[in-house]
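Structural overview
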Amino acid sequence: MAITASGLCKAFGRTRALDGLDLSVRTGEVHGLLGPNGAGKSTALRVLLGLVRADSGAVDVLGADPWRDATALHRRLAYVPGEVTLWPSLTGGEVIDLLGGLRGGVAHDRVAAMVERFELDPTKRCRAYSSGNRRKVALVAALASDAELLVLDEPTAGLDPLMQAVFEQCVREARAAGRTVLLASHVLAEVERLCDRVSIVRSGRVVDSGSLTELRHLTTTSVRARLAAPADGLAALPGVHDLSTDGDQVRFRVDADALGRVLPALGERGVRDLVCQPPTLEELFLSHYGSRS
Amino acid sequence: MTGLAGVGALVRLALRRDRVLLPTWIAVLALVAISSAAATGDLYPTAASVVRAVGAVNDTPAMVALYGRVPDVGSLGALAMLKPLATGALAVAVLAIVLVVRHTRAEEEAGRLELVQAGAVGRFAPLTAALVVVVGANAVLGAVTAVGLGAVGLPVAGSVAVALAWFAVALVFAAVAGVTAQLVTGARAATGLAVALLGAAFGVRAVGDTAAPWLSWASPLAWAQQVRPYAGDRWWVGGLAVLTAAVVSTAAYALVAHRDLGGGLLPDRAGPARAGRDLRSTTGLAWRLHRGPLLAWAAGFAAYGLVVGGVAADVGGMLTSDQARQLFAELGGQGELTDTVLAAMLGILGVVASVYGVQATLRASAEENTGRAALLLSAPVGRVRWAAGHLAAACAGVVVVLVSAGLAAGAVHAVRTGDAGQVGRVVLGAVVQAPAGWVLAGIVLAVYGAAPRLAAAGWGAVVVFVLLGELGPLLGLPGWLSDLSPYAHVPRLPGGEFSAWPVAALAAVAAVAAFGGLLALRGRDLG
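Starting afresh in each chain, residues are numbered from 1 along the sequence in its written order. Whichever chain is written first is A, and whichever ligand is written first is 1; the rest continue in order. This being a predicted model, a pLDDT of at least 70 is required before a residue's local features are given, and a value of 80 or more before pairs of side-chain atoms are given or counted; all residues contribute to the totals for chains, interfaces and linings. To get the side-chain values, all heavy atoms of the structure are used, and hydrogens and water are removed first.

**Some details on the overall build of chain B**
Every helix listed is a DSSP run of H or I at least four residues long, and every strand listed is a run of E at least two residues long, numbered separately from the N terminus. Summing up its helical and strand segments, chain B has 22 helices and zero strands in all. Over its C-alpha atoms chain B spans a radius of gyration of 23 Å, differing by no more than 12% from the 24 Å that the globule rule assigns to 527 residues. Considered along the principal axes of its C-alpha atoms, chain B spans approximately 65 × 60 × 40 Å. In this description, contact between two residues means that some pair of their heavy atoms is separated by no more than 4.5 Å. Counting only contacts in chain B whose residues sit at least 6 apart along the sequence, the fraction spanning at least 24 positions is 77%. In short, Shrake-Rupley with a 1.4 Å probe defines the accessible areas, and a residue's cover is counted only from the protein chains shown. Of the roughly 21500 Å² of accessible surface on chain B, a fraction of 69% belongs to carbon and sulfur atoms. Here chain B contributes 33 positively and 25 negatively charged side chains, and the mean placements of these two sets differ by 11 Å. Atoms considered for the radius of gyration are the C-alpha atoms alone. The globule rule reads 2.2 Å times the number of residues to the power 0.38. Positive charges are assigned to Lys and Arg, negative charges to Asp and Glu, while His and the chain termini are left out of the count. Every charge is mapped to an atom, namely NZ of Lys, CZ of Arg, CG of Asp or CD of Glu.

Encoded structure:
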């Protein structure tokens with residue numbers, strides 16, 4: 001395990017930012033921390049980095065206690081904050097070298113390659129960068145390092161689609177090189193494309209965690225079929241929800257473990273056409289947050 | 001005019017943001033003026049005692065350099081307002097600069113102005129709103145002060161003239177800050193530039209009042225004295241200030257009309273694509289962040305040192321009475337007259353150097369607030385080492401600016417007196433001021449470590465300590481209270497007796513405060 005956290009609580013005044021958060025990230029995986037604004041993602045990352053101390057709970061990052069051993073731990077990880085602010089009078093290139101130098105030096109050819117892939121002008125002063133370009137500076141510094149753990153908070157906010165594709169490619173390469181990536185995001189498509197496992201955060205706790213396949217097992221598949229016979233009785237089957245009919249078309253959602261019992265029932269009614277769709281991450285997400293709206 | 005659309009809303013926004021700063025500042029300034037007036041009245045009950053006191057002040061070059069002359073030997077009001085008028089003029093100028101930059105360039109640099117100006121807000125609205133706030137705040141300050149001074153028994157016309165004198169200075173420096181905020185892209189640099197001009201105005205007035213009265217007219221800061229409250233009430237000087245402010249702010253508006261949002265007059269040049277060897281550590285970064293302001297401060301201190309060294313040898317000849325010489329001997333102890341002046345001038349520098357110490361230490365707080373500290377501290381950098389680096393830069397910077405002033409003053413003074421030994425004496429007199437600055441830096445770090453949101457209270461500490469020294473004797477405050485100020489323990493050199501104990505004690509207090517701050521920082525969350 002690269003990261004294990006259990007029962008993390010953190011309150012700022014009356015706000016409970018973390019409320020018993022459990023998280024486990026395996027070594028070598030890309031793990032998505034998914035949740036809307038204010039769910040506690042950034043606070044969780046700050047606790048993992050030892051910038052903020054949890055009120056209670058246990059946390060272990062790369063075998064170390066991030067609060068006590070922050071400096072030693074930071075040698076082995078790289079962080080891209082959710083909001084990147086840089087020193088206005090330094091150039092982007094200088095900041096990248098500074099952050100690299102603090103970690104004991106980074107091979108310049110790796111930096112140069114990353115700068116080129118992200119199409120960053122390293123000679124510009126940081127005050128002249130747009131927020132997307134400031135993020136690129138932090139991304140280049142993190143991705144070019146040889147840190148075993150990358151902690152990325154909303155890494156693609158402000159990046160254009162081309163740069164997002166470059167970023168995704170870089171993350172895949174990092175995983176291929178055996179590095180662990182923890183990525184906090186609310187861009188579902190990106191998480192779906194990149195992450196091996198996902199933890200969904202809500203109000204300071206992880207409400208669901210696992211691979212996408214595992215998460216889908218716990219939820220429902222949406223089914224659309226055209227039937228020869230009327231759909232009578234289908235709605236009464238255990239595990240079937242939200243059934244609606246439109247002429248010979250029937251739509252419903254079915255629990256993953258009930259699908260095997262529902263398919264024969266469809267067969268008895270003469271299936272002409274059948275579409276079975278696993279839930280998208282968006283649906284998973286909405287199912288966890290549905291009660292909020 | 002559409003360029004001014006939204007001024008009202010921006011003024012309300014500014015007042016909302018400054019709801020603590022403005023009332024506090026106004027109350028402190030008004031109270032200082034009113035309490036000095038009341039206390040002076042009690043000290044000099046007869047006309048003869050007033051004349052004697054004014055003569056003593058005007059014959060004391062160090063007093064004249066600091067506060068200017070009392071223009072009328074028989075005026076109790078002019079005597080009472082000498083110090084408050086001069087220190088108040090400095091204070092309203094600083095407030096005007098801070099307010100204007102805070103509501104113009106600082107907002108622009110933070111990117112908030114972009115959001116604001118995308119609304120129905122005219123191009124000239126932010127600058128106008130800032131100027132309106134300055135004018136309004138000083139009008140309130142003037143009204144409160146004038147009423148208060150009248151209430152403690154000073155003539156009404158003169159009391160209004162005091163209000164006008166401050167108002168005039170505030171107006172000019174608000175306009176000056178309006179220009180510097182357009183010239184450079186950083187709020188810090190804009191403030192620094194305006195404060196440097198204020199420092200130059202102070203230097204010109206100090207030299208002018210001690211040696212060449214005509215020169216004082218070149219300093220807008222001196223116009224406060226030129227209004228001559230309670231000694232002729234020259235109202236037209238206010239008109240001079242209004243005219244100057246109008247011309248200078250026209251330049252500011254012209255600059256606003258000709259530049260882009262976020263831009264300055266000088267375009268950003270491309271920089272190095274790679275960091276040099278020196279920028280691969282936190283120490284290197286600290287040097288990069290502190291060196292620009294430090295060099296500017298050192299240059300300013302050196303310039304002031306040249307002026308001090310240039311006038312110090314002349315002051316002996318300006319004494320007109322034996323009485324004054326006698327008073328001087330009492331005040332300065334065994335030292336020569338010149339030494340007393342040098343020591344007084346270096347004492348002012350000590351206070352200003354501690355201002356450098358405070359702002360340099362506050363850099364750590366700014367780094368945390370902007371989020372840059374989090375990025376840096378996610379690298380293998382201990383937070384204690386990081387904060388200690390900024391403290392070290394601040395403390396070393398205090399010494400650097402003092403040495404540059406001491407060297408400049410000592411060298412000129414040595415040339416004028418033909419005594420090379422003066423260099424070492426003056427430099428020592430400057431350097432012994434450093435521990436007081438360290439104490440302030442230590443206090444700032446302690447507050448920042450324990451309660452980061454209150455870090456700016458370090459400025460309050462400077463103001464309180466200065467006021468304790470200024471008003472302690474006047475208001476008859478108990479000695480232990482005045483002794484709380486670190487400035488009270490600095491040896492008065494050259495001329496006075498050097499004792500290592502108070503210097504060592506100040507350094508120890510600074511170390512303890514800083515240590516407490518670092519300890520607190522280690523145990524708290526990082527914002």
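**Here's the deal with the side chain of Thr128 of chain B**
All names here are of chain B. Position of Thr128 relative to the elements: it lies in helix α8 (residues 125-151). Assessed through its relative accessible area of 13%, Thr128 is described here as buried. A polar contact of 2.7 Å, which involves the side chain of Thr128, links it to the side chain of Tyr253. Burial here depends on accessible area, computed with a 1.4 Å probe over protein chains only, as a share of the maximum for the residue type. Under 20% is buried, over 50% is exposed, and the range in between is partly exposed. We define a polar contact as two N or O atoms separated by no more than 3.5 Å, with the added condition that, inside protein, one atom must be a possible hydrogen donor and the other a possible acceptor, whereas residues neighbouring each other in sequence contribute only through side-chain atom pairs.

**Quick notes on unusual backbone geometry**
Residues and elements named next belong to chain B. Backbone torsion omega between Leu493 and Pro494 reads -5°, so that peptide bond is classified as cis. Mapped onto the elements of the fold, Pro494 is located in the loop between α21 (479-482) and α22 (500-523). Here the phi dihedral of Arg228 falls at roughly 55°; this positive angle occurs in a residue that is not glycine. Inspection of the secondary structure assignment puts Arg228 in the loop between α11 (223-226) and α12 (236-258). We classify Arg228 as partly exposed; its relative accessible area is 30%.

**A look at the nonpolar core**
Judged by nonpolar contacts, the single largest core of 122 residues is most densely connected at Phe118 of chain A together with Trp386 of chain B. Looking at which element gives the most residues to this core, the answer is helix α5 (residues 131-144) of chain A, with eight residues. Once you skip the residues sitting within four places of it in the chain, Phe118 of chain A turns out to touch Lys136, Leu139, Val140, Leu143, Met163, Val166, Phe167 and Cys170 of chain A. To qualify as a nonpolar core, a set must consist of buried Ala, Val, Leu, Ile, Met, Phe, Trp, Tyr and Cys residues joined through side-chain atoms within 4.5 Å. Of all hydrophobic cores here, the second largest spans 103 residues; its members include Ala30, Leu141, Val172 and Ala190 of chain B.

**Let's talk about the domain arrangement of chain A**
Residues and elements named next belong to chain A. What marks off one domain from the next here is an automatic or database domain assignment. Taken domain by domain, chain A comprises domain 1 (3-215) and domain 2 (219-292). For domain 1 and domain 2, the distance between their C-alpha centroids amounts to 38 Å. The partner domain 2 presents ten residues to the 14 residues of domain 1 that form the contact. Salt bridges are defined as contacts in which a side-chain nitrogen from Lys or Arg sits within 4 Å of a carboxyl oxygen from Asp or Glu. Between the two partners, domain 1 and domain 2, sit zero salt bridges. Put simply, domain 1 and domain 2 have zero residue pairs in polar contact (both at pLDDT 80 or more) between them. Contributing elements (two or more residues each) for the side of domain 1 that touches domain 2: α7 (188-194), β8 (197-202), β9 (205-211) and α8 (212-217). Side-chain classes are defined by residue name, with Ala, Val, Leu, Ile, Met, Phe, Trp, Tyr, Cys and Pro counting as nonpolar, Asp, Glu, Lys and Arg as charged, and the others, Gly among them, as polar. Taken together, the residues that form the side of domain 1 that touches domain 2 break down as ten nonpolar, one polar and three charged.

**Some details on the confidence of the model for chain B**
pLDDT measures the predictor's confidence residue by residue and takes values from 0 up to 100. Predicted confidence across chain B gives a mean pLDDT of 88, with 94% of residues reaching 70 or more. The spread of mean pLDDT over the elements of chain B runs between helix α14 (residues 322-332) of chain B, the lowest at 59, and helix α19 (residues 434-450) of chain B, the highest at 96.

**Notes on the sheet that holds strand β1 (residues 3-12) of chain A**
Residues and elements named next belong to chain A. When DSSP locates at least two bridges between a pair of strands, those strands are taken to pair. Taken in spatial order, the three strands make up an open sheet running β2-β1-β4, and their pairing is antiparallel. Where the open sheet ends on each side, the last strands, each with one partner, are β2 (15-25) and β4 (56-61). Shown here is a sheet whose adjacent strand axes are inclined to one another by a mean of 25°, direction ignored. In the sheet, β1 pairs with β4 via five bridges, with the strands oriented antiparallel. Across the sheet, Ser6 pairs through a bridge with Ala58, a residue of β4. Set on the sheet, helix α1 (residues 41-49) makes contact with β1, β2 and β4; between it and β2 the angle comes to about 65°. Axes here refer to lines fitted to C-alpha atoms; in helices the fit is confined to the stretch in contact. Angles between the N-to-C directions go from 0 to 180 degrees.

**What to know about the interface of chain B and chain A**
Tallying the contact residues gives 36 residues for chain B and 34 residues for chain A. Accessible-area loss on putting two parts together, using a 1.4 Å probe and summing over both, is the definition of buried area adopted here. At the boundary of chain B with chain A, total buried surface from both sides reaches about 3200 Å², with 58% on carbon and sulfur atoms. For the pair chain B and chain A, the interface holds four salt bridges. Arg274 of chain B serves as the salt-bridge partner of Asp97 of chain A, at 3.8 Å between the closest nitrogen and oxygen.

**Looking at the pattern of salt bridges**
Two side chains of opposite charge can pair, provided their charged atoms sit close to one another. Summed over all chains, the structure comprises 27 salt bridges over all chains. The salt bridge partner of Glu29 of chain A is Arg197 of chain A, with a shortest N-O separation of 3.0 Å. Placement of the pair is Glu29 of chain A in the loop between β2 and β3 (30-34) and Arg197 of chain A in strand β8, with a sequence separation of 168 residues. Look at Arg197 of chain A and you get buried, because its relative accessible area is 7%. Sharing partners across several salt bridges, the network here consists of Lys10 and Asp55 of chain A together with Asp525 of chain B.

**Here we look at a nonpolar patch on the surface**
All names here are of chain A. Each patch is built from residues lacking any salt bridge and having more than 30% relative accessible area; the joining distance is 9 Å for like charges and 5 Å for nonpolar side chains (Val, Leu, Ile, Met, Phe, Trp, Tyr). A grouping of Leu263, Val271 and Leu274 is seen on the molecular surface, where their side chains present a nonpolar patch of about 210 Å² in accessible area. Examined against the element boundaries, Val271 turns out to sit in strand β13 (residues 271-277). Here Val271 falls in the partly exposed class, since its relative accessible area comes to 34%.

**Focus on the side chain of Ser404 of chain B**
Residue and element names in this part refer to chain B. Structurally, Ser404 is set in helix α17 (residues 383-417). Using a relative accessible area of 18% as the deciding quantity, one classes Ser404 as buried. Polar side-chain contacts of Ser404 include one of 2.8 Å to the backbone oxygen of Val401. Not counting residues up to four positions away in its chain, the partners in contact with Ser404 are Ala298, Phe301 and Ala302.

**Remarks on the environment of Ala187 of chain B**
Residues and elements named next belong to chain B. Within the fold, Ala187 resides in helix α10 (residues 187-210). Looking at Ala187, the relative accessible area reads 11%, which means it is buried. A C-alpha to C-alpha distance of 33 Å links Ala187 and Gly309, two positions 122 residues apart in sequence. In contact with Ala187, not counting residues within four places along its chain, are Val101, Arg105, Ala106 and Glu109.

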